[in-house]
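Fold and contact review
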Amino acid sequence: MLKIRNVHKRYHENEILKGVDVTVDKGDVVTILGPSGSGKTTLLRCMNFLERADEGSMDFDEYHVKLHDASSHDVGKIRKKTAFVFQNYNLFQNKTALENVMVGLVIGRGMDKSKAQEIGMKALDKVGLADRYRYYPAQLSGGQQQRVGIARAIAVEPDVILFDEPTSALDPELVGEVLNVIKQLAKEGKTMVIVTHEMKFAADVATHVIFMADGKIVEEGDPKTIFLCPKEERTKTFLRRILPGVEYNI
């Protein structure tokens, strides 16, 4: 469904991504783990052309593009097949929850406003915000704002949803409400790529886990393998620090 190959990204002399390959099949929930600075978010942003990779290619269904010089036409087509959920919600502060969900449908997809409103309300219902249509972001908790962001993503019915650390900006007591929404999407078979630091969530929801460090994929596999039987010492070191007390089958 989606393949990216040999992705490189540099900022001046600093190479952030060093030849990364990722394959996502329909229905996959791919979680990307790793220490700060490992290139996780940059990789995700390159997948949606929020950043332009310096090298690499993408196959997305019938589209084959070079990441560095894909045309604006191809980028637009690929973006219509994806949706991005940001760390910090990225909502319009002067628009209500419903208007924030509608904007991508009306502006991005050219949909009639009445139809967009109907879809937007259903999306907000789905994430548990049926009573918050007319609320502005400043009137919502962080968890509610992030759920608006998820509603905005699912409203456009993308083939793949990309999540960039969706709980990192939340107070601890609000994390669960967002993770529960994502778990429900996983149960429904939504294809997702999730950068996260929530290890238990990753173990529970993922079909495939990628561990990155220093701009490379160090190890990848099913959750049981990565969390209980990692092969690479770098993976073991990371997990021991994040999950103290875990014993690995070596």
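Note: the structure precedes this text.
Throughout what follows, the structure given in this document is the object of discussion. These numbers come from a predicted model, not from an experiment. (Residues numbered from 1 in each chain as written. Predicted model: local features only at pLDDT ≥ 70, side-chain atom pairs only at ≥ 80, totals over all residues. Heavy atoms only, no water.)

**What to know about the environment of glycine 39**
This is how it is decided: Helix and strand assignments come from DSSP, with helices taken as H or I runs of at least 4 residues and strands as E runs of at least 2, each series counted from the N terminus. Only protein chains enter the area calculation, which uses a 1.4 Å probe; residues under 20% of their type maximum are buried, those over 50% are exposed, and those in between are partly exposed. Contact definition: two residues touch when any of their heavy atoms are within 4.5 Å.
The residue glycine 39 is located in the loop between strand E3 (29–33) and helix H1 (40–47) in this model. Overall, glycine 39 belongs to the buried group, its relative accessible area being 7%. In this view, glycine 39 contacts Ile16, Leu17 and Met212; residues no more than four positions away in its chain are not counted.

**Quick notes on the packing of aromatic side chains**
To be explicit about the condition: Here is the rule: rings of Phe, Tyr and Trp (six-membered ring for Trp) pair when centre to centre is within 6.5 Å. Planes less than 30 degrees apart are stacked, more than 60 are edge-to-face, and the remainder are tilted. As a reminder, the over-ring test applies to NZ of lysine and CZ of arginine, requiring each to be within 6 Å of the ring centre and within 35 degrees of the ring normal.
Counted by the stated rule, this structure contains two aromatic pairs. With a centroid separation of 4.7 Å and an interplanar angle of 45°, the aromatic rings of phenylalanine 84 and phenylalanine 86 are classed as tilted. Seen from the ring of tyrosine 135, arginine 132 lies directly overhead, with NZ or CZ sitting 4.6 Å from the centre.

**Topic: the sheet that holds strand E2 (residues 14–24)**
The strands that make up a sheet pair up through hydrogen bonds in the backbone, lying either parallel or antiparallel. For the record, the criterion: At least two bridges found by DSSP between two strands are what make those strands a pair. Every angle, taken between N-to-C directions, lies between 0 and 180 degrees, and every axis is a line fitted to C-alpha atoms, over only the stretch in contact when it is a helix.
Taken in spatial order, the four strands make up an open sheet running E2-E1-E4-E5, and their pairing is antiparallel. Pairing within the sheet leaves two strands with one partner each, and these edge strands are E2 and strand E5 (63–66). When the angles between neighbouring strand axes are averaged without regard to direction, this sheet yields 15°. Both strand E1 (residues 2–11) and strand E4 (residues 55–60) contribute to a ladder of five bridges, which runs antiparallel. Counted as the bridge partner of lysine 3 is aspartate 59 from E4. Its contacts with the sheet place H1 against E1, E2 and E4, and it is angled at close to 60° to E2. Sheet strands in contact with helix H2 (residues 72–79) are E4 and E5, and its direction is about 125° off that of E5.

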